[in-house]
Amino acid sequence: MVEMFNSDPHWLKIVITGDETWVYGYDPETKRQSSLWLESGEPRFKKARMIKSKLKCLLITFFNITHSEHPKYLGIHLDRTLTFKTHLTKLKGKLSSRINILHKLAGSSWGSDANTLRTSALALIFSTAEYCAPVWEGSCHTKLIDTQLNSTLRIITGVCQPTRIDWLPVLAHISPPELRRKEATKKIGNQLLSQNFNISEAWTNSWISSDIPNKNLITSPSVKIPGFSLPRREWVLLNRFRTGQGRCAELMKLWGYTKDPNCACNVPQSMSHILDDCPLYKFNGGISNLHSVTPEALNWLKALPLRL
Ligand SMILES: [Zn+2]
């Protein structure tokens, strides 16, 4: 990425999306991968490290706008109109080579019992066939996949080609492909629902736990605050008192614009000084009445001779 940046400082502009993946810092070898041939009498080898490292590293992958008719994203081949025809056609090819494997299992003497075939079919074929199914479930090309899954079921059950397909899922004890996809989609939906996310509740909680000045004015941050229909000057002034940040003398000095932090009454002029304490300007209703824009508060705002 550093190289890309050096050769073209604008290269970031061609990035359209990013994806992050967490990976383990170390993947342990399987028993078989780490096995070694030994001479008789030779001591056993010690396996250097058996546990996965807790350390994780972040891979960031970027995709640029190089044109492709059928870009592949997270294992899905996309097409312009999102019919998923390309994806499902490729998936069909992948499935038929896996079905050949199942055929071989069905023919061999040790694999021929129905339970073994069923388990193998689920692990080898259905899992592949249903990858990201909620994404393409609505496509009109799902028949491409269903015919493959039906022949899988035929291998498990051994029924003849003309057998009505409604028999297949019953005999193989695997729900009909279309219903299995619906189920997968439903699971995702339920997951989202069970999170029970409520935006105004979440906002209220984060507001309550913050340390914002005058936060007690707001009980529910998602509720529209009073004053939206005020003239611009009063609206702005109101918000500057609410937030405690305005062009009062104390802050103007702090920001480096002026030298004198004092009010005309000779004490440091903060926003709350003007509102609550100043003998020259103060508002008798306090910040809560100002926040609610009572008629008195509006009159006070209109009459206030300061530019804050
Ligand atoms: Zn004052």
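Structure: see above.
Residues numbered from 1 in each chain as written. Predicted model: local features only at pLDDT ≥ 70, side-chain atom pairs only at ≥ 80, totals over all residues.

A.B. asks: Where do I start with the overall build of the protein in this structure?
C.D. replies: Scanning the protein from terminus to terminus reveals 13 helices and 4 strands. Counting the 308 residues in the protein, one finds 14% classified as buried. Long-range pairs, those at least 24 residues apart, make up 55% of the contacts in the protein between residues at least 6 apart in sequence. (Helix = DSSP H or I, 4+ residues; strand = E, 2+ residues; numbered from the N terminus. Buried ≥ 20, exposed ≤ 12 C-beta atoms within 10 Å, placed from the backbone. Contact = placed C-beta atoms within 7 Å.)

A.B. asks: Explanation requested: the packing of helix H2 (residues 85-107) against helix H5 (residues 143-157) in the structure shown.
C.D. replies: In helix packing, the relevant descriptors are the interaxial angle and the interaxial distance, both defined with respect to the helix axes. The geometry of H2 relative to H5 is characterised by a closest axis approach of 9 Å and an angle of 5 degrees between their N-to-C directions. Regarding the angle of H2 to H5, the classification is roughly parallel. Residue-level inspection shows Leu88, Thr89, Leu91, Lys92, Leu95, Ser96, Ile99, Leu102, His103 and Ala106 of H2 in contact with H5, the latter providing Leu144, Ile145, Gln148, Ser151, Thr152 and Ile155. Split by residue class, the contact of H2 with H5 holds 9 nonpolar, 6 polar and 1 charged. (Axes fitted to C-alpha atoms, helices over the stretch in contact; angles between N-to-C directions. Parallel < 35°, antiparallel > 145°, perpendicular 65-115°, else oblique. Nonpolar A, V, L, I, M, F, W, Y, C, P; charged D, E, K, R; others polar.)

A.B. asks: Looking at this model, I keep getting lost on the packing of H2 against helix H3 (residues 114-129). Mind explaining?
C.D. replies: Closest axis-to-axis distance for the H2/H3 pair is 9 Å, and the angle between their directions is 170 degrees. Put simply, H2 runs roughly antiparallel to H3. Residues Leu91, Lys94, Leu95, Arg98, Ile99, Ile101, Leu102, Leu105 and Ala106 of H2 lie in contact with H3, whose contacting residues are Leu117, Ser120, Ala121, Leu124, Ile125, Thr128 and Ala129.

A.B. asks: Can you help me understand the environment of leucine 78 in this one?
C.D. replies: By the element assignment, leucine 78 lies in the loop between strand E4 (76-77) and H2. Taking the C-beta count within 10 Å as the criterion, leucine 78 has 17 such neighbours and is therefore assigned partly exposed.

A.B. asks: What is the right way to look at helix H9 (residues 232-243) in this model?
C.D. replies: Helical geometry note: an α-helix holds 3.6 residues per turn, so side chains three or four residues apart project in the same direction. Spanning 12 residues, H9 covers 17 Å between terminal C-alpha atoms, matching the ideal 16 Å at 1.5 Å per step. When H9 is considered as a whole, its buried residues turn out to be Leu237, Leu238 and Phe241. Along the axis of H9, the buried positions cluster into a sector of 100 degrees, meaning they face one direction only. Where H9 is buried, its residues meet helix H11 (271-277), helix H12 (286-291) and helix H13 (295-303). Phi turns positive, to about 75 degrees, at glycine 244, one or two residues after H9. (Expected span 1.5 Å × (residues − 1). Arc of directions from axis to C-beta.)

A.B. asks: Help me understand the nonpolar core in this model?
C.D. replies: Generally speaking, a soluble globular protein has its nonpolar side chains buried in company with each other. Among the nonpolar cores identified, the biggest contains 16 residues, and Ala129 and Ile145 are the most heavily contacted of them. Secondary-structure elements contributing two or more residues to this core are H2, H3, H5 and helix H6 (167-172). With 5 residues, the top contributor of residues to this core is H3. What alanine 129 contacts, discounting residues up to four positions off in sequence, is Leu91, Leu95, Ile145, Gln148 and Leu149. In this structure, Leu237, Cys248, Phe283 and Trp300 belong to the second largest nonpolar core, which totals 15 residues. (Core = buried A, V, L, I, M, F, W, Y, C linked by C-beta atoms within 7 Å.)

A.B. asks: Which parts of the structure should I look at to understand unusual backbone geometry?
C.D. replies: Excluding glycine, most residues fall at negative phi; most peptide bonds, likewise, are trans. For asparagine 214, which is not a glycine, the phi torsion comes out positive at approximately 60 degrees. Here asparagine 214 lies in the loop between helix H8 (199-208) and H9. The residue valine 293 is not glycine, and still its phi comes out positive at about 50 degrees. With respect to the element layout, valine 293 can be found in the loop between H12 and H13.

A.B. asks: Can you walk me through the environment of leucine 275 in this structure?
C.D. replies: Here leucine 275 is to be found in helix H11. Once the C-alpha coordinates of leucine 275 and tryptophan 300 are considered, the two residues, 25 residues apart in sequence, prove to be 9.9 Å apart. Excluding anything up to four places from it in sequence, leucine 275 contacts Phe241, Lys282, Phe283, Ile287 and Leu290.

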